[in-house]
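This is what each chain is made of:
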Amino acid sequence: MKSLPACVALLFVPLALLAAEPAHPIVGVDRSYMDLTVSPCKDFYGYACGGFDKVPIPGEYAGYGVNQEIDERNFAILKDILETSARTSGPHGTVAQRVGDFYASGMDEATIEREGLKPLAPWFAEIAAIKSPADLIKTIGHFQAEGLDAAFGFGAQIDDKDTTAMIAGFGQGGIGLPERDYYFREGPEAEDTRKAYVAHVARMFVLAGDTPADAAREADAVMALETKLAKASRTLVERRDPEKNYNKFERSALNKLAPDFGWETFLAQLDFPATEKTVLVGQPEFFTALGGLMQSEPLETWRSYLRWHLLHQTANYLGHDFVEERFAFYGKKLSGTTELRPRWKRVMAAADSALGEDLGQLYVQRAFSPAAKARAMEMVKFHLEAMRARIRAAVWMSEATKAQAYKKIDTMHSKVGYPDKWRDYSHLEISRQAYVLNVLAGAAFENRRELAKLGKPVDRDEWNMTPQTNNAYYEPTLNEMCFPAGILQPPFFDEKADDATNYGALASTIGHELTHGFDDQGRQYDSDGNLKNWWTEADAKGFQSRAERVAQQYDAFEVLPGLHINGHQTLGENIADVGGLRVSYEAFKLATKNKQLEPADGFTPDQRFFIAFAQGWRTNQRPESVRLGVQSDVHSPIRWRVLGPVANFPEFRAAFGCTEPTETWPPIW
């Protein structure tokens, strides 16, 4: 582990001092969570997790289960780090000072209430001063420069077709509802959501000092403008096609795309380098429409729109009334959550966003040992070997395509636990000023840090998640997987646990992310991360026919009365779920081929593998949250992330004595 400065190391407190060991042992296979009256062949999720159904969902959560249990243990460590840093602080510019001052400002409710909207006064003044379309794009540019979203997305990214280079990218955005279809979906429930959204926007304007009549008028105008932006936007399914969303433009040609946009005025606000001659525009038709709206929509509407998005993005860092109003719509209405999260958790999340790797340096000292890292890396090695075997066994693939797939596996990079080099926050000024100003300082710092990458080599050692994050990712342009220490925690992973439970529980992590490299999107990127076709025409068709069968399988799942999963919207994640379980099972077999495995707790090793997989998903979810996910997420709801993968798995049927189903289909991997 990288040694830390003395001022950081002094903050170390043994984990045992933070909280007592949980009364209930943290294990990968837990009989108390099972319902043995349910047939594993008919409802494997109910069999493995049915006993967990009676566990209540805490008010602050839209769903509660294994991920939230891991989060709570991680949060306890982070809370102690933050509180200790706030009490002791440290010399200016140190990790302890930044972390401590950020947390202290967020917990200082008296100052936050007293300050009200005063910290945002310069922003409101700039919006009020918009008198022309040129002023409008200039202000939008200022928003973007300071890390605030407005009208569209913009930032630096790896060039999908030249992964040695960074490039600036524009993408659609600018709406306040979760996804563009929320503006057009029909039915009483959809209409009710739109009405509730408009009412929420109006109440935010009232809190900002507008009269109820003015607020209602402004909210209607915002909704009308956002609906036009949504109409010009692509759907979730359309945005899943990497080729169609890769559109490179010469900087000089942008005016032809949207003559009224004011491209150079916008770029000037970000000090955009003159040496950058090309940019990516993900959805060109969106920017053509946006340029027209900048001219056709009244400036009064645009001023209301920008005021709303400023309030929307900062409400969680303002006074109590703003926080509660935002939660009432996005928490209660959309997710079904009944209670606001404790303040310390909300401030912790903001600190993680602004100073993630500062916190990460302190977190990994307590939560991830060198032995754990070594065990996890060994598991990754067996997964790569298993994926290679799956490619080799794919009779539908030609040797030419297999050769390229092997190359991709052999060059895939794995990041485990924490970075070898920590991010430098020395130019981020954090103090015990107004909380919202620290949050905005963090956003502006991150935006400048990202744009500073333009014209420089791609940093392949950078992490896109903090070490304390309970999640993982596969990045196709880098051909890399990342598994932070925050997810490599019991019961997903325990360096002392048996292989059956570790490999089973991590099927939804290591196996899943690895398979993303070969899902319907990831397969379009080569071993160097370039968006480049390396498939023969026949093999591509073979893949697509198998992928279509997965889409049909998930289309048939009815998660709530009348509400089905969209198999194409969730296709990449479903392929990763289905293939990931297969790859992890074979990795488990490779890891244990020379070991004598014995039954434990009444289950065979194979049964323990599959039960650990299912219990790695055990979650009770509010119906509002399920509906929100189906309508706006690319992942399937939790239960079907278990039922889908085991439905076409011969070894699963053998493990539990299930009969052959009436229909089987050829797997992709």
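Scroll up to find the structure.
Read on for an overview of the structure.

Cut-off values and rules
Residues numbered from 1 in each chain as written. Predicted model: local features only at pLDDT ≥ 70, side-chain atom pairs only at ≥ 80, totals over all residues. Heavy atoms only, no water. Disulfide = S-S within 2.5 Å. Helix = DSSP H or I, 4+ residues; strand = E, 2+ residues; numbered from the N terminus. Buried < 20%, exposed > 50% of the residue type's maximum accessible area, 1.4 Å probe, protein only. Pairing = 2+ DSSP bridges. Axes fitted to C-alpha atoms, helices over the stretch in contact; angles between N-to-C directions. 1 Å grid on protein atoms, 1.4 Å probe; cavity = no way out; pocket = protein on both sides within 12 Å on 5 of 7 lines; lining within 4 Å. Points joined across faces, edges and corners; volume = space filled by probe spheres on them. Nonpolar A, V, L, I, M, F, W, Y, C, P; charged D, E, K, R; others polar. Contact = heavy atoms within 4.5 Å. Core = buried A, V, L, I, M, F, W, Y, C linked by side-chain atoms within 4.5 Å.

1. Some words on the state of the cysteines
Move 1: Under the definition given, this model contains 1 disulfide.
Move 2: Cysteine 41 shares a disulfide with cysteine 658; S-S distance 2.1 Å. Measuring handedness by torsion sign, the sulfur bridge of cysteine 41 and cysteine 658 sits at about -90° and is left-handed. Highlighted residues: cysteine 41 in the loop between α1 (6-9) and α2 (44-49) and cysteine 658 in the segment after α26 (650-656), separated in sequence by 617 residues.
Move 3: The class of cysteine 658 is buried, set by a relative accessible area of 15%.
Move 4: Its sulfur unpaired, cysteine 49 is 16 Å from the next cysteine sulfur, which belongs to cysteine 658.

2. Describing the sheet that holds strand β8 (residues 480-484)
Move 1: With respect to topology, 3 strands assemble into an open sheet ordered β6-β8-β7, the strand pairing being mixed. Bordering the open sheet on either side are β6 (413-417) and β7 (473-475), each of which pairs with just one other strand. Averaged over all pairs of adjacent strands, the angle between strand axes in this sheet comes to 15°, irrespective of strand direction.
Move 2: Pairing of β6 with β8, which is carried by 5 bridges, proceeds in the parallel orientation.

3. As for empty space enclosed by the protein
Move 1: In this structure the tally under the stated criterion is 3 cavities of 30 Å³ or more.
Move 2: The calculated volume of the largest cavity comes to roughly 50 Å³.
Move 3: Counting residues per element, the ones that place at least two in the lining of the largest cavity are α5 (109-115) and α18 (435-451).
Move 4: No other element matches the 3 residues that α5 contributes to the lining of the largest cavity.
Move 5: Its residues placed into classes, the lining of the largest cavity shows 7 nonpolar, 2 polar and 1 charged.

4. Comments concerning the pairing of strand β5 (residues 278-281)
Walk down a regular strand and you will see the side chains alternate between the two sheet faces.
Move 1: Relative to β5, strand β3 (residues 162-172) runs parallel, the two sharing 3 bridges. Each residue of the ladder has a partner; that of alanine 168, found in β5, is valine 279.
Move 2: By the bridge criterion, 3 bridges tie strand β4 (residues 248-250) to β5 in an arrangement that is antiparallel. Across the sheet, phenylalanine 249 pairs through a bridge with valine 279, a residue of β5.

5. Brief notes about the sheet that holds β4
Move 1: Taken in spatial order, the 4 strands line up as β2-β3-β5-β4 in an open sheet, and their pairing is mixed. Every interior strand has two partners, whereas the edge strands, β2 (152-159) and β4, have only one. The sheet shows a mean angle of 35° between the axes of neighbouring strands, taken without regard to direction.
Move 2: Of the strand pairs in this sheet, β2 and β3 are connected by 8 bridges, and their pairing is antiparallel. From the neighbouring strand, alanine 156 faces β3, where its bridge partner is alanine 168.
Move 3: Strands β2, β3, β4 and β5 of the sheet are contacted by helix α12 (residues 284-296), whose axis makes an angle of about 40° with β3.

6. Quick notes on the nonpolar core
Move 1: Counting 124 residues, the largest nonpolar core has Phe44, Phe610 and Trp669 as the members making the most contacts within it.
Move 2: Considering each element in turn, this core owes the most residues, 12 residues, to helix α15 (residues 343-367).
Move 3: For phenylalanine 44, the residues in contact, after removing those within four places along its chain, are Ser39, Phe610, Ile611, Ala614, Val642, Leu643, Val646, Phe652 and Phe656.
Move 4: Counting 75 residues, the second-largest nonpolar core is a separate cluster that includes Ile130, Phe143, Ile158 and Tyr183.

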